[in-house]
Amino acid sequence: MNLKHEQNKLFQLLEFTTGLVQLNFIFFITLLPVITIFPALYALTAVTRQWSVHQDYSVFRAYIRFFKEAMQSHFKFGILWTFILLFLLFDFLIIRHLETGQTFLFTSLSIVSLFFLAISVFLFPILSHYDLKKRDALKLALFSLVRYGYILLFSFLLLATLSVLTYQSPLYLLFGFSFVIFLTTKLYLHQLDRVMLES
């Protein structure tokens, strides 16, 4: 009985690990056009949310379904989000070539960019888990910055760790980013659902 239980646990672990590799692969493929950054991140988060909530480790069909969902249901919002992201990245490139005021502008832009990224950490799980208007989703993401700041720090710590590991060995990219998204999404939605049940 114990042996069968251990075999099932091992099979689930292998299925999960294989799923991470497959999810990472299709995610990076759909990132290539650049303008598909938003639907790619939405689909990545939605699939990991599906894993967490339903223990369903399917990848390709689920990813394509969620990718199309993002394109159809969140098209305008995704365009706006992508524009802000590219605008921030472009500004960083411009600042590098300035001769005066570089430190002040770089610091200001870094603060704005961190705020944008912090909001995004919570926004994607919210959009994939709840059927909310965009304004309500943004309000909930802002609320989460205050209420669940430790999850944000945890997410940034995981990403920093992944960056260091990837620098040492690019093999960590095979599953690393999707694993970070999975852990962050699972922890955040668990805390959020618990608070909503209590209220």
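Just above, that's the structure.
So, here is what we can say about the structure in this document. Since we're looking at a predicted model, the values are computed, not measured.

Structurally, the position occupied by Lys139 is in helix α6 (residues 134-147). With 126 residues separating them in the primary sequence, Lys139 and Leu13 have C-alpha atoms 36 Å apart.

With that out of the way, let us pick up the environment of Ala40. Topologically, Ala40 is positioned in helix α2 (residues 37-54). For the pair Ala40 and Lys68, spaced 28 residues apart in sequence, the C-alpha to C-alpha distance is 9.6 Å. Dropping the residues within four chain positions of it, Ala40 is found in contact with Phe27, Thr30, Leu31, Tyr63 and Phe67.

Let's shift gears to the nonpolar core. The biggest cluster of nonpolar side chains holds 55 residues, and the ones touching the most others in it are Leu23, Trp51, Tyr63, Trp81, Phe122, Ile126 and Tyr188. Secondary-structure elements contributing two or more residues to this core are α1 (2-31), α2, α3 (60-73), α4 (75-95), α5 (102-129), α6, α7 (149-168) and α8 (176-198). Those residues in contact with Trp81 that lie beyond four places of it in its chain are Ile37, Phe38, Leu41, Phe116, Ser120 and Phe124.

This part covers the layout of surface pockets. Considering only enclosed or pocket space, the largest pocket measures out at about 510 Å³ in volume. Contributing to the lining of the largest pocket are 23 residues, with Leu41, Leu117, Ser120, Val121 and Phe177 lying nearest its centre. Of all elements in the fold, only α2, α4, α5, α7 and α8 reach the threshold of two or more residues within the lining of the largest pocket. For the lining of the largest pocket, a count of residues per class yields 17 nonpolar, six polar and no charged.

Next up on the list: the packing of α2 against α3. Look at α2 against α3: their axes get within 8 Å of each other, and the N-to-C directions meet at 130 degrees. Comparing the axis directions of α2 and α3 gives the class oblique. Considering only the axes of α2 and α3, their crossing is right-handed. Only Ala62, Tyr63, Arg65, Phe66, Phe67, Glu69, Ala70 and Met71 of α3 make contact with α2, whose side of the interface consists of Pro39, Ala40, Tyr42, Ala43, Leu44, Ala46, Val47 and Gln50. The residue makeup of the contact of α2 with α3, split by class, is 13 nonpolar, one polar and two charged.

What counts and how
- Residues numbered from 1 in each chain as written.
- Predicted model: local features only at pLDDT ≥ 70, side-chain atom pairs only at ≥ 80, totals over all residues.
- Heavy atoms only, no water.
- Helix = DSSP H or I, 4+ residues; strand = E, 2+ residues; numbered from the N terminus.
- Contact = heavy atoms within 4.5 Å.
- Core = buried A, V, L, I, M, F, W, Y, C linked by side-chain atoms within 4.5 Å.
- Buried < 20%, exposed > 50% of the residue type's maximum accessible area, 1.4 Å probe, protein only.
- 1 Å grid on protein atoms, 1.4 Å probe; cavity = no way out; pocket = protein on both sides within 12 Å on 5 of 7 lines; lining within 4 Å.
- Points joined across faces, edges and corners; volume = space filled by probe spheres on them.
- Nonpolar A, V, L, I, M, F, W, Y, C, P; charged D, E, K, R; others polar.
- Axes fitted to C-alpha atoms, helices over the stretch in contact; angles between N-to-C directions.
- Parallel < 35°, antiparallel > 145°, perpendicular 65-115°, else oblique.
- Left-handed = near helix turned anticlockwise from the far one by under 90°.

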